[in-house]
Amino acid sequence: MTDDLIQIGTFTAPHGLHGAIKLRAIGQPDALLELRRVFIPNKGWLGVKQIVLHDVIPVLMLAGVNSRADALTLHSLEVYAEKEAVRLEPDTFYYHDLIGRSVVAPDGSSLGVVLSMIDTGAQDILVVRYAERDVLVPLQAPYVRVLEDKIEIQAVSGLFDGS
């Protein structure tokens, strides 16, 4: 895969009888509504005929996926799209853009580096490597500010000192 692709989610289950399939989206589902094609490893590019939100769950109709049986073959597969095809709302970020960023306190002192992200559904969590241990930090304003080249965290007492 190339660097211009991002994972947008994972297919979960068919929706109806005519090949529609639900997507467990990473990020904001409405950012996906303009997609024209998606990439599925080992299957390649599939054209998007339609994307609708069923409540907040994206449901995709894809070219060549015409039945419930076809949709079942996609169950649990990761789904990717071109970065530029996914529109981001202001102050939203791709996980991969945050991984590797330095983390600092408001006074500029180092608190470590972002190792990974955890999507809990309700809250994004930064996994920050600090003093040879991993610290889980909710990505929550106003305590966390994503700046141009780093992430500033106003940590609650005990979060980084282990007490």
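Residues numbered from 1 in each chain as written. Predicted model: local features only at pLDDT ≥ 70, side-chain atom pairs only at ≥ 80, totals over all residues. Heavy atoms only, no water.

This next bit is on the nonpolar core. Ranked by size, the top nonpolar core spans 23 residues in total, and within it Ile-8, Phe-11, Leu-23, Leu-35, Val-38, Leu-62 and Val-86 carry the most contacts. Of all the secondary structure elements, the ones that give two or more residues to this core are β1 (5-15), β2 (20-25), β3 (37-40), β4 (44-54), β5 (57-62) and β6 (78-82). For Phe-11, the residues in contact, after removing those within four places along its chain, are Ile-21, Lys-22, Leu-23, Ile-40, Leu-60, Leu-62, Leu-74, His-75, Ser-76, Leu-77 and Val-79. Core analysis: the next-biggest nonpolar cluster, separate from the first, contains 14 residues, Leu-98, Ala-105, Met-117 and Leu-126 among them. (Core = buried A, V, L, I, M, F, W, Y, C linked by side-chain atoms within 4.5 Å. Buried < 20%, exposed > 50% of the residue type's maximum accessible area, 1.4 Å probe, protein only. Helix = DSSP H or I, 4+ residues; strand = E, 2+ residues; numbered from the N terminus. Contact = heavy atoms within 4.5 Å.)

Turning next to the pairing of strand β8 (residues 110-119). Bridge count between strand β7 (residues 102-104) and β8: three bridges; the pairing is antiparallel. Paired with Val-103 across the two strands is Gly-112, which belongs to β8. With antiparallel pairing between neighbouring strands as the criterion, β7 and β8 make up a hairpin whose turn holds five residues, including Gly-108 at a positive phi of roughly 95°. Where β8 meets strand β9 (residues 124-130), six bridges bridge the pair, whose relative direction is antiparallel. Within β9, the position partnered with Met-117 by the bridge is Leu-126. (Pairing = 2+ DSSP bridges.)

Following the criterion strictly, the structure yields two aromatic pairs and no others. Judged by centre distance (5.3 Å) and plane angle (65°), the rings of Phe-39 and Trp-45 are edge-to-face. Judged by relative accessible area, Phe-39 falls into the buried class, the value being 17%. Under the relative-accessibility criterion, Trp-45 is labelled partly exposed at 34%. Their ring planes at 85° and their centres at 5.1 Å tell us that Tyr-130 and Phe-160 sit as a pair that is edge-to-face. Of this pair, Tyr-130 sits in strand β9 while Phe-160 sits in the segment after β12 (150-153), placing them 30 residues apart in sequence. The ring of Trp-45 is capped by Arg-37, whose NZ or CZ atom sits 3.7 Å from the centre of that ring. (Phe/Tyr/Trp six-rings, centres within 6.5 Å; stacked < 30°, edge-to-face > 60°. Lys NZ or Arg CZ within 6 Å of the ring centre and 35° of its normal.)

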